[in-house]
Amino acid sequence: MNTYNKHYDVIVVGAGHAGCEAALAAARMGCETLIVTINLDTIAKMSCNPAIGGLAKGHLVKEIDALGGEMAKNIDKTGIQFRRLNTKKGPAVRSSRAQADKKAYQDEMKRVLEAQPKLDIKQVLVEELLVENGQCIGILSQTKTAYFGETVILTTGTFLKGIIHIGDVSYSAGRAGESAAEKLSESFLNLGFEIGRLKTGTPPRVNAQTVDISPMEIQPGDDDPLPFSFVTEAITQPQLPCYLTYTNENTHDLIRGNLHRSAMYSGRIVGIGPRYCPSIEDKVVRFSEKTEHQVFVEPEGRDTDEIYLNGISASLPEDVQVEMVHSIKGLENAEIMRFGYAVEYDFAPATQLQPTLETKAVPGLYFAGQLNGTTGYEEAAAQGLMAGINAALKVKGEEPLVLDRAQAYIGVLIDDLVTLDIREPYRMFTSRAEYRLALREDNADLRLTEIGRQIQLVDDDRYRHYESKAADIQTELTRLQETLLKPTALSRGEIASPLRENILKTGELKQPTSLADLLKRPELRYEHITEIAPPTHRLPATVKEQVEIQIKYDGYIQRQQRQIHQFKKLENFRIPDTFDYANVQGLKTEAREKLIKIRPTSIGQASRLPGVSPADISILTVLLHQRRAR
């Protein structure tokens, strides 16, 4: 065994979306960091859909950005279409999504990693974890070179014993054209970790020159696209349209007639697939009453003719995939460039982790991304960021950072993973967040930038930008609350605003009314108020949006803050690491087993464990109170 001649603070295995965020965070926090990957040409590769964000996922990207991560800035530079979703609904569920130039996204992230001080990048296949006295101390490569470090973060994606399935053909691969990591799972098992199998899939890609868009519905980007990053001034690059078509009964009949040839339905796949992103075979079987399913026709970049067919992920044989694609309107003559496939891989259930993402069994070892059972670039990147932060803090001898469910979607994500014993690919939704009105996309920077600054991940420029925005918001809120509008000012025409009639239509003013109270009227928008009494200087759109939301939803936000206060009480009621659940009288057997397995850090986390009842929580609370009183 050879030993590499440099000792690292943090070693990151894997350079997907989790690995990139982990490595950048650790290096930016001052740690000597190494990131290793099987192939340097696939750093930050978008294995499936070339897009960032979406419902709830956009929240994660904004939070990554607020803490000092890279994903939002990268998509702002390389996006080819930007859309805001759910704009007709309340602010809690509005989310951003962007179609990416797939290759440009990879190249830009690789450039950022290469330019980052204190970060080394190497093309290495890892075969073993090095552990001494129960502590992870490094990694061993396929070429038998040992790399030593204080902490190790694994972000292995779909590569652990990855198997690709296309019809009745299966072969070893982490994704199409790339080798699997065959031996690292054995290292996991030898260290006592539990391993399971999951599966995901991807659809065929076709040549744009062979696609007829004329019968399809055009899906343009937003006229005034909003950036993902809070420090991006504007999206200036031109946008490309996407298109929408549909499967039909012929498509479904073809799939039904060939289910026995699908890798999923022939019984050759044992891994559990994502419930919320099913394959086209699953859609046809599970939703048999539907006569059509959407197919989004999405370009993969500006300089390629590859088109991604979002909505028909498949593990069908290649000949069936050809017929399936040709049965869809506008794709009758489409030439498939890459066939769809399913990939099955090892994962480690995340209940084996602390909320910091450090493993319970092996100190110094962290897991992030699909290894923990998630699906999606955004979920992976969020975990990678937190693993990188906590590995760096551990090296520095500082307290770890754990975001709770009332602070961030990232907190919801990680708490769900380490608490709920999830055995299927996990995807983030706004419905998973109990306090989603407080955890909006638009206020992620106001919630998290101070935290990023405290851990030295938010730089001076970003912090100045945040301070300026926060000051503008507070100044404008104060102005609207303190400026009174007299009834006579409107009735006598003293205010000649072109929107004066809009104000009058909402109901006559009977007494002096603050501009803030006027804005609370559902018929009025912030723009109506500023027509009457404009601010002292021009405000950015993000400040205007924040002011309007804070005023219009003030009552709801205050109620949510009271709920959060109660939640915090339970989260702050800590349970000692050494607490002996085995000898607690009155606990149900199932509750005792769950508590011993997960070892929750607080009464709040314990209350969310499946199988732990309110009666069990009452017993624990009384017992802990008694012990504290002694």
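One can find the structure itself at the top, above this paragraph.
Predicted model, so just to flag it, every value in this text is computed and none were measured.

Caption draft 1: Up close: the packing of aromatic side chains. Enumeration over the complete set of coordinates arrives at 9 aromatic pairs. With centroids separated by 5.6 Å and ring planes inclined at 35°, the aromatic side chains of Tyr463 and Tyr466 adopt a geometry described as tilted. Of this pair, Tyr463 and Tyr466 are both found in helix H12 (residues 460–482), 3 residues apart, which corresponds to roughly one turn of the helix. Aromatic side chains Phe579 and Tyr581 sit 4.9 Å apart centroid to centroid with 65° between the ring planes, which places their arrangement in the edge-to-face category. Of the two residues examined, Phe579 and Tyr581, each falls in the buried class. Through pairs of rings, three or more aromatic residues link up here, namely Tyr4, Tyr8 and Tyr147. Geometry around Phe230 places Lys62 over its ring, the cationic atom sitting 5.1 Å from the centre. The positively charged end of Arg432 is found above the aromatic ring belonging to Tyr426, 4.2 Å away from the centroid.

Caption draft 2: Fine view of the packing of helix H3 (residues 71–78) against helix H4 (residues 102–115). Put simply, H3 and H4 touch, their axes get as near as 9 Å, and they point 130° apart. Put simply, H3 runs oblique to H4. Here the hand of the crossing between H3 and H4 comes out right-handed. Residues Met71, Asn74, Ile75, Lys77 and Thr78 of H3 touch H4, and the partners they reach there are Ala104, Tyr105, Glu108, Met109 and Arg111.

Caption draft 3: Fine view of the pairing of strand S2 (residues 8–13). Counted residue by residue, S2 has 5 buried out of 6 residues, so it is predominantly covered. Pairing geometry for S2 and strand S10 (residues 145–154), over 5 bridges, is parallel. Bridge pairing in S10 links Val12 to Ile153. Direction of pairing for S2 relative to strand S3 (residues 33–37): parallel, over a ladder of 4 bridges. When the bridges of S3 are listed, Val10 appears paired with Thr33. Crossover S2 to S3 through helix H1 (residues 17–28) is right-handed.

Caption draft 4: Geometry of the environment of Tyr246. Residue position: Tyr246 is located in strand S16 (residues 242–246). It is 9.2 Å that separates the C-alpha atoms of Tyr246 and Gly311, two residues lying 65 residues apart in sequence. With residues near it in sequence (within four places) discarded, Tyr246 still touches Glu217, Glu292, His293, Gln294, Val295, Ile328 and Lys329. Looking at Tyr246, its side chain comes within polar contact range of the side chain of Glu217, at 3.2 Å.

Caption draft 5: Fine view of the pattern of salt bridges. Considering all chains together, one arrives at 44 salt bridges under this definition. Across the pair Glu32 and Lys118 runs a salt bridge whose closest N-O atoms are separated by 3.3 Å. Of the two residues, Glu32 sits in the loop between H1 and S3 while Lys118 sits in the loop between H4 and strand S7 (119–123), which places them 86 residues apart along the sequence. Judged by its relative accessible area of 24%, Glu32 falls in the partly exposed class. Residues Asp421 and Lys594 are paired through a salt bridge, measuring 4.0 Å at the closest nitrogen-oxygen approach. Note that Asp421 is positioned in the loop between helix H10 (409–419) and helix H11 (444–454) and Lys594 in helix H19 (residues 589–598), a separation of 173 residues in sequence. What emerges from the salt-bridge pattern is a single network uniting Arg405, Asp415, Asp416, Glu434, Glu571 and Arg608.

Caption draft 6: Summary view of unusual backbone geometry. For Ala56, which is not a glycine, the phi torsion comes out positive at approximately 70°. Along the chain, the position of Ala56 falls in the loop between strand S4 (51–53) and helix H2 (57–67). With relative accessibility at 0%, the residue Ala56 sits in the buried group. In this model, Asp421 sits at a positive phi of 55°, which is unusual for a non-glycine residue. The class for Asp421 is buried, based on a relative accessible area of 18%.

Analysis parameters
Residues numbered from 1 in each chain as written. Predicted model: local features only at pLDDT ≥ 70, side-chain atom pairs only at ≥ 80, totals over all residues. Heavy atoms only, no water. Phe/Tyr/Trp six-rings, centres within 6.5 Å; stacked < 30°, edge-to-face > 60°. Helix = DSSP H or I, 4+ residues; strand = E, 2+ residues; numbered from the N terminus. Buried < 20%, exposed > 50% of the residue type's maximum accessible area, 1.4 Å probe, protein only. Lys NZ or Arg CZ within 6 Å of the ring centre and 35° of its normal. Axes fitted to C-alpha atoms, helices over the stretch in contact; angles between N-to-C directions. Parallel < 35°, antiparallel > 145°, perpendicular 65-115°, else oblique. Left-handed = near helix turned anticlockwise from the far one by under 90°. Contact = heavy atoms within 4.5 Å. Pairing = 2+ DSSP bridges. Right-handed = clockwise from strand over helix to strand, strands pointing away. Polar contact = N/O pair within 3.5 Å; in protein donor to acceptor, adjacent residues only side chain to side chain. Salt bridge = Lys/Arg side-chain N within 4 Å of Asp/Glu carboxyl O.

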